Amino acid sequence: MKMIRSIRDYFTLGWQYIKVYKKPAFQAFDMKNAFITLDQAFDYVGDNSSYQQRITILLSLQFLFYSFFVMGMPYLFQEHNHSCVTLPRIVQSISDEFMKCGQQTLKSFIAALFFVGQMFGGFVFPILADLLGRRRILLLGSFLGSSAIICGGFSANLDNLYIAFFIAGFGLSGYETVVYVYITEISAIRFRSIASSLLVVVWGSAMLVYPFIVDALDYWRDLMKFAIGLPLLILTFISYFYYVESPRWLAQKERFNECRQVFRYMSIFNKRKPFEFNFIEEMDDFSNKCIQLKSNANDNYVDIVKQTNSFSFWSKLNQSKLVRTTFILISMWFFRYFTYYGLQFSVNSFGMSVTVVVRLLALAELLTAVSSLYIKLKYQRLTSLQYCLFMMTLSCSLTFVNIPQGCENKLCWQEMLQLFSAIMLKSAITFYNSILNTYTGEVFVTSLRSYGYGICMTLGQMGSSIAPVYVEYVAQYENFSPMTIVAALSIIVAIFSYFLPETLNQPMFDRLDEELAIGVPHLATEQEMQTFGEIKE
């Protein structure tokens, strides 16, 4: 594998001598002695250029098959005639009544194991992603998930199937968490917005494409092996040769030479002059060796450590801000999962055919996800989120209109109003999901980004666990739409959002002390500094 990658890199780097370079975003007379930020580095190598587009395609294809598995679980465990399948069972482990074909308990239990695995993966993989890097964990999660799905398709008994679904949830949860971190850190704002929106588009299109695959294969084992597991595993091996490590993670770990090599590879691939800049983060080491500060006092030098020590006070003062932001984001992710899956499980409460409602909602999600890119590039994150919450409040208010019993055999305006409410809610939650994915990656610094995503998504997924139970309870014991409560929840979340910072066009920090340093006065101006070249003279 390493030999193949070396050969590929050799030929890629060799092309620099015969290619005509494109004009970069800015020029530098002496790159080796120039210091730039990571955002400027992304601008130089090309944001949303050939390399980022290739990464987007690979991520989208992987996300498509991941979406097939999660959103297509109702199609699993069916025979060729779409009747429920009788799985070989372990003796004395499950009662005959539990295994009856008409029961949904077994299918729900197996799906629950997948979500339990996701909860464990949501806690473990963010820690591994910070220790070992984004690229390794991204590939590891995808490999575990795809392999477990294939093994599940070959399962001969229920115990093996239970283990396969748990491992699939564990691995794919790590993949989903890290993929949002990865697209946040692999380029600047334009690619981040495009890639995150495209993932939502792929997720929405899955339910339009997957039924045709089900009609072609029509057997749950074939679906798991050939429609989901094997393509995802093949894409994982292909991605091994193309994914690079996150430059922001490398810079945060102070592995600047490796970070420079990543940017160099990206610049050559995008037909820019090879990247040779230094990073602003390297200025600390450079300053300790090469910079002297003039002082108006009798002392000739100023101890730079005094400036860094000022962070201790600011760190203590701003710890509450980080805790507040994390708590609000957890509530926003909980609302996202609860609303999205609550709507999925309540499709039979809108008075029309479930198939018609599902297809219309999938189409609305797809069209909304495509148009969300324009909103993300033009409007501020918090303003867009608050607009989505307002639309959800309005749409759920329409569900107070009950469908009369006389509408069973004819189409009435109450049914149309309920359907319009569902489509409006689906569009709003899709917008909300697309923007929230991008915002979460931007609001956390690189050293905390994987942890932030992991905590928000893992605790937020409790909403997806509560949603089906709540919908079932309302359907049996209450006389109102399950989505009515979303109107009240959206108002609460909208109030919380006013305490969050805006991130659009704001610099992304790699360490917490960099973020806390905003507003702290520097001890010396540029006129008071002598560079290394002047000192040598």
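Residues numbered from 1 in each chain as written. Predicted model: local features only at pLDDT ≥ 70, side-chain atom pairs only at ≥ 80, totals over all residues. Heavy atoms only, no water.

Visitor: Can you help me understand the overall build of the chain in this one?
Guide: A tally of helices and strands in the chain yields 21 helices and four strands. A fraction of 83% describes how many contacts in the chain between residues 6 or more apart in sequence connect residues 24 or more apart. (Helix = DSSP H or I, 4+ residues; strand = E, 2+ residues; numbered from the N terminus. Contact = heavy atoms within 4.5 Å.)

Visitor: So what exactly am I meant to see when it comes to the environment of Arg190 here?
Guide: Residue position: Arg190 is located in helix α7 (residues 189–217). Overall, the relative accessible area of 43% leaves Arg190 in the partly exposed class. Spatially, the C-alpha atoms of Arg190 and Asn48 are 6.5 Å apart, while their sequence positions differ by 142 residues. What Arg190 contacts, discounting residues up to four positions off in sequence, is Asp47, Asn48 and Leu377. (Buried < 20%, exposed > 50% of the residue type's maximum accessible area, 1.4 Å probe, protein only.)

Visitor: Even after reading the chapter, I still don't get the confidence of the model for the chain, so can you show me in this structure?
Guide: Regions with low pLDDT carry predicted coordinates that are not meant to be interpreted in detail. Residues at a pLDDT of 70 or more form 72% of the chain, whose mean pLDDT is 76. Within the chain, the element-level pLDDT minimum falls on strand β4 (residues 529–530), averaging 39, and the maximum on helix α5 (residues 134–153), averaging 94. For residues 1–5, every residue scores under 50 in pLDDT, and the model assigns this stretch eight contacts once sequence neighbours within four places are set aside. (pLDDT = per-residue confidence, 0-100.)

Visitor: Explain the side chain of Thr339 to me, please; I cannot follow it from the model alone.
Guide: Its location among the elements puts Thr339 in helix α13 (residues 311–345). A distance of 2.8 Å separates a polar side-chain atom of Thr339 from the backbone oxygen of Phe335. Sequence-distant contacts of Thr339, defined by excluding residues within four places in its chain, comprise Met392, Leu425, Ile429, Met483 and Val486. (Polar contact = N/O pair within 3.5 Å; in protein donor to acceptor, adjacent residues only side chain to side chain.)

Visitor: Would you take a moment to explain the packing of helix α2 (residues 38–45) against helix α10 (residues 256–269) for this structure?
Guide: Two elements in contact, α2 and α10, have axes separated by 9 Å at closest approach and are oriented at 25°. One element, α2, and the other, α10, form an angle in the roughly parallel class. For α2 against α10, the interelement crossing comes out right-handed. Residues Leu38, Ala41, Phe42, Tyr44 and Val45 of α2 touch α10, and the partners they reach there are Cys259, Phe263, Met266 and Ser267. (Axes fitted to C-alpha atoms, helices over the stretch in contact; angles between N-to-C directions. Parallel < 35°, antiparallel > 145°, perpendicular 65-115°, else oblique. Left-handed = near helix turned anticlockwise from the far one by under 90°.)

Visitor: I tried to follow helix α18 (residues 462–477) on my own but got confused; where do I start?
Guide: Each turn of an α-helix holds 3.6 residues, which means side chains three or four residues apart point in the same direction. Taking 1.5 Å per residue, 16 residues should reach 22 Å; α18 reaches 23 Å between its end C-alpha atoms and fits that length. Taken together, the buried positions of α18 are Gly463, Ser464, Ala467, Tyr470, Val471 and Val474. (Expected span 1.5 Å × (residues − 1).)

Visitor: I would appreciate a short explanation of the packing of aromatic side chains in the present structure.
Guide: Aromatic ring pairs are reported here in terms of the distance separating the ring centres and the angle at which the planes meet. Under the defined criterion, the tally for this structure stands at 34 aromatic pairs. Considering the side-chain rings of Tyr265 and Phe269, the 6.3 Å spacing of their centres and the 40° angle between planes classify their relative orientation as tilted. Within this pair, Tyr265 and its partner Phe269 are both found in helix α10, separated by four residues, close to a single helical turn. Judged by its relative accessible area of 24%, Phe269 falls in the partly exposed class. Connected via pairs of aromatic rings, a cluster forms that spans Phe42, Tyr44, Phe256, Phe263, Phe275, Phe277 and Phe279. Lying across the ring of Tyr240, Arg135 places its NZ or CZ 4.9 Å from the centre. Geometry around Tyr337 places Arg336 over its ring, the cationic atom sitting 4.4 Å from the centre. (Phe/Tyr/Trp six-rings, centres within 6.5 Å; stacked < 30°, edge-to-face > 60°. Lys NZ or Arg CZ within 6 Å of the ring centre and 35° of its normal.)

Visitor: Just checking my understanding: could you explain α2 for this structure?
Guide: Those residues of α2 that fall on the buried side of the exposure criterion are Leu38, Ala41, Phe42, Tyr44 and Val45. The buried side chains of α2 occupy one side of the element, clustering within an arc of 160° when seen end-on. Buried-residue contacts for α2 involve β1 (35–36), α6 (158–185), α9 (247–252), α10 and β2 (278–279). Of the residues trailing α2, Gly46 is marked for its positive phi of about 110°. (Arc of directions from axis to C-beta.)

Visitor: Just checking my understanding: could you explain the side chain of Thr177 for this structure?
Guide: Mapped onto the fold, Thr177 is located in helix α6. Filtering out sequence-adjacent residues up to four positions away, Thr177 remains in contact with Pro126, Ser450, Tyr453, Gly454 and Met457.

Visitor: Is there a simple way to think about the pattern of salt bridges in this case?
Guide: When the charged atoms of two side chains lie near each other, side chains of opposite charge can form a pair. According to the stated counting rule, one finds nine salt bridges in the structure shown. Put simply, Glu258 and Arg255 hold a salt bridge, and the shortest N to O gap is 2.8 Å. On the accessibility criterion, Glu258 (38% relative accessible area) is partly exposed. Between Glu365 and Lys426 there is a salt bridge; the shortest N-O distance is 3.4 Å. Here Glu365, found in helix α14 (residues 354–378), pairs with Lys426, found in helix α16 (residues 413–443); they are 61 residues apart in sequence, far enough to count as distant. If you follow the salt bridges from partner to partner, you end up with Arg134, Glu185 and Arg449 in one network. (Salt bridge = Lys/Arg side-chain N within 4 Å of Asp/Glu carboxyl O.)

Visitor: How should unusual backbone geometry be read in this particular structure?
Guide: Positive phi outside glycine occurs at Glu254, with the angle close to 60°. For Glu254, a relative accessible area of 54% corresponds to the exposed category. Backbone geometry places Lys271, a non-glycine residue, at a positive phi of 65°. Structurally, Lys271 can be placed in the loop between α10 and β2.

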